[in-house]
Amino acid sequence: MVERFWLGLRQLLVAIDQLIYIIIAVPIYVVAGGPTPSADETISSRVGRAAIKGHRWGLALEAVIDRLFVLLGAAPGHCRRNVETAFLGCAPRP
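Owing to the predicted nature of the structure, the values given are computational and were not obtained by experimental measurement. (Residues numbered from 1 in each chain as written. Predicted model: local features only at pLDDT ≥ 70, side-chain atom pairs only at ≥ 80, totals over all residues. Heavy atoms only, no water.)

1. Considering the confidence of the model for the chain
Link 1 in the chain: Scored by pLDDT, the chain comes out at a mean of 89, with 88% of its residues at no less than 70.
Link 2 in the chain: Mean pLDDT across the secondary structure elements of the chain bottoms out at helix 4 (residues 78-83), with 90, and peaks at helix 3 (residues 56-71), with 96. (pLDDT = per-residue confidence, 0-100. Helix = DSSP H or I, 4+ residues; strand = E, 2+ residues; numbered from the N terminus.)

2. Comments concerning the pattern of salt bridges
Between side chains of opposite charge, pairing is possible as soon as their charged atoms come close.
Link 1 in the chain: Inspection of every chain in the model, using the stated rule, returns 2 salt bridges.
Link 2 in the chain: A salt bridge links Glu41 to Arg49; the nearest nitrogen and oxygen atoms lie 2.7 Å apart.
Link 3 in the chain: On the accessibility criterion, Arg49 (23% relative accessible area) is partly exposed.
Link 4 in the chain: We note a salt bridge from Glu62 to Arg80, for which the minimum N-O separation is 2.5 Å. In this pair, Glu62 is assigned in helix 3 and Arg80 in helix 4, connecting sequence segments 18 residues apart. (Salt bridge = Lys/Arg side-chain N within 4 Å of Asp/Glu carboxyl O. Buried < 20%, exposed > 50% of the residue type's maximum accessible area, 1.4 Å probe, protein only.)

3. Here's the deal with helix 3
Link 1 in the chain: End to end, helix 3 covers 23 Å across 16 residues, agreeing with the expected 22 Å (1.5 Å per residue, within 8%).
Link 2 in the chain: Buried residues of helix 3: Gly58, Glu62, Ile65 and Asp66, and no others. Along the axis of helix 3, the buried positions cluster into a sector of 100°, meaning they face one direction only. Among the exposed residues of helix 3, those oriented more than 90 degrees off its buried face are Arg56, Val64, Arg67 and Leu71.
Link 3 in the chain: Against helix 2 (43-52) and helix 4 lie the buried residues of helix 3.
Link 4 in the chain: Looking one or two residues past helix 3, Gly73 carries a phi angle of roughly 105°, positive in sign. (Expected span 1.5 Å × (residues − 1). Arc of directions from axis to C-beta. Contact = heavy atoms within 4.5 Å.)

4. What about the packing of aromatic side chains?
Link 1 in the chain: Counted by the stated rule, this structure contains 1 aromatic pair.
Link 2 in the chain: A centroid spacing of 5.0 Å and a plane angle of 75° characterise the contact between Phe5 and Trp6, whose relative ring orientation is edge-to-face. With respect to class, Phe5 is no different from Trp6; both count as exposed. (Phe/Tyr/Trp six-rings, centres within 6.5 Å; stacked < 30°, edge-to-face > 60°.)

Next up, the structure:
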């Protein structure tokens, strides 16, 4: 039962992350154009994709987000590790 609680809480946090991403990305999309933001993508995934492409803002945010997750006990490389799961309909790996 406790494990189910933590799994459910994790999914809730991912959903909040996706909502925040859309709240940030849609106004940028409306003003600047580009690809349509996906409601299935998290902030970490978007930052990871930008870092892979070499965008300076992506590399800077990737360092901050990855450091935060390392402090929380996750393995390094959080943003890039979550890129591949963003559009597959499965939850990102911890």
